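Reading the structure
In case you want the letters, here they are:
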Amino acid sequence: MDDYPMLSLFWTMLEFFLFVLWFFLLFKIISDIFRSHDMGGWGKAGWVIFVIFLPFLGVFVYVIARGRSMGERDIEQARQADAAFKAYIKEAADTQPTGGGGTGSHVDELAKLADLKNSGAISEEEFQKAKEKLLA
């Protein structure tokens, strides 16, 4: 290790980084080929063969030819994942089963009970019993 100069160490680390970067780009392009809905089976097979057998040329040609649509597919996938996440959160927060057979939020039910108590339709004792039943 004493006879390995610092510049050679830097160069080796740079080569390793570029090697990892190259494989990341290659896998990204292959996954984009299969994710693309505007290309048929033969087109996908042709691009995969081109990228595997002539990797440098295939990757560069793919990025030049389909780079813009590749970015659009990434954005659309992120939008779909965000929408699915928001729908899941909304569903988990909104629709908790209630004792009345319907669906609704516990907070909404408690607010309705408090309104009934404040208007005098139910007593404090009835409010406490209904609240305990709801929260049980």
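Below is a short write-up of the structure. Since we're looking at a predicted model, the values are computed, not measured.

Quick notes on the overall build of the chain
- Counting its regular elements, the chain contains five helices and two strands.
- Reading the secondary structure of the chain in the N-to-C direction produces α-α-α-β-β-α-α.
- Structurally, the chain occupies a C-alpha span of about 85 × 55 × 20 Å along its principal axes.
- In the chain, of all internal contacts separated by at least 6 residues, the share reaching a separation of at least 24 is 39%.
- In the form shown here, the chain has an accessible surface area of approximately 10600 Å², with 68% of it arising from carbon and sulfur atoms.
- Positive and negative side-chain charges of the chain, numbering 14 and 18 respectively, have mean locations separated by a distance of 7 Å.

Focus: the nonpolar core
- Of all hydrophobic cores here, the largest spans twelve residues; its members are Trp 22, Leu 26, Ile 29, Ile 30, Ile 33, Met 39, Trp 47, Val 48, Val 51, Val 59, Tyr 62 and Met 70.
- Those elements that place two or more of their residues in this core are α1 (6–35), α2 (41–53) and α3 (55–94).
- At five residues, α1 tops the list of elements feeding residues into this core.
- Filtering out sequence-adjacent residues up to four positions away, Trp 47 remains in contact with Ile 33, Met 39, Gly 58, Val 61, Tyr 62, Ala 65 and Arg 66.

Here is what the cut-offs are and how they apply
- Residues numbered from 1 in each chain as written.
- Predicted model: local features only at pLDDT ≥ 70, side-chain atom pairs only at ≥ 80, totals over all residues.
- Heavy atoms only, no water.
- Helix = DSSP H or I, 4+ residues; strand = E, 2+ residues; numbered from the N terminus.
- Contact = heavy atoms within 4.5 Å.
- Areas by Shrake-Rupley, 256 points an atom, 1.4 Å probe, with all protein chains shown as cover.
- Lys, Arg positive; Asp, Glu negative; His and termini not counted.
- Charge placed at Lys NZ, Arg CZ, Asp CG, Glu CD.
- Core = buried A, V, L, I, M, F, W, Y, C linked by side-chain atoms within 4.5 Å.
- Buried < 20%, exposed > 50% of the residue type's maximum accessible area, 1.4 Å probe, protein only.

Keep in mind these values describe shape, not function.
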